[in-house]
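Commentary on secondary and tertiary structure
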Amino acid sequence: MKLKIVWSQFAENEIDKIYDYYLHRAGIRVAKKIIQEIISEPNKLISNNLSTQIEELLLDRKSEYHYLVCKNYKIIYSIDQENKQIQIADVFDTRQNPVKLKRTK
């Protein structure tokens, strides 16, 4: 079963923030490289049988969230079997306080 990757608006906003941060700190080349790596990381899920860890800090949510790690970022996602989608919910900088992961839109 082939799943489609869908990015939430919240995750896209986080990507924009990451891009802006690196654009001002390290330049356009570095910013583009990091964003490209983050965006392509979920493609591994399609060929890897979705074998990633459950995000323990989000166990109280309605959906079951898993995560991938790319550089210093957790890519938080859930699986929608009915619609055959991998739904990317958040891109979280792991250098922050982990409790911030519980933030909402």
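Structural data are supplied above this passage.
Quick summary incoming for the structure in this document. (Residues numbered from 1 in each chain as written. Predicted model: local features only at pLDDT ≥ 70, side-chain atom pairs only at ≥ 80, totals over all residues. Heavy atoms only, no water.)

1. Brief notes about the sheet that holds strand β3 (residues 66-70)
Through backbone hydrogen bonds, the strands of a sheet pair up, either in parallel or in antiparallel fashion. Sheet architecture is open: 5 strands sit in the order β1-β5-β4-β3-β2, paired in mixed fashion. With partners counted over all chains shown, the strands left at the sheet margins are β1 (4-7) and β2 (53-54), one partner each. As defined by bridge partners, β1 adjoins strand β5 (residues 85-93) across 4 bridges and the pair is classed as parallel. Bridge pairing in β5 links K4 to Q85. Of the strands in this sheet, β1, β3, β4 (73-80) and β5 are in contact with helix α2 (residues 28-40), which crosses β4 at around 30°. (Pairing = 2+ DSSP bridges. Helix = DSSP H or I, 4+ residues; strand = E, 2+ residues; numbered from the N terminus. Contact = heavy atoms within 4.5 Å. Axes fitted to C-alpha atoms, helices over the stretch in contact; angles between N-to-C directions.)

2. Quick notes on the packing of aromatic side chains
The full count for this structure, using the stated rule, is 1 aromatic pair. Centre to centre, the rings of Y21 and Y22 are 5.1 Å apart; their planes meet at 90°, and the pair counts as edge-to-face. Classification of Y22 by relative accessible area gives buried; the value is 13%. Over the ring of Y67 we find K74, and its NZ or CZ is 4.2 Å from the ring centre. (Phe/Tyr/Trp six-rings, centres within 6.5 Å; stacked < 30°, edge-to-face > 60°. Buried < 20%, exposed > 50% of the residue type's maximum accessible area, 1.4 Å probe, protein only. Lys NZ or Arg CZ within 6 Å of the ring centre and 35° of its normal.)

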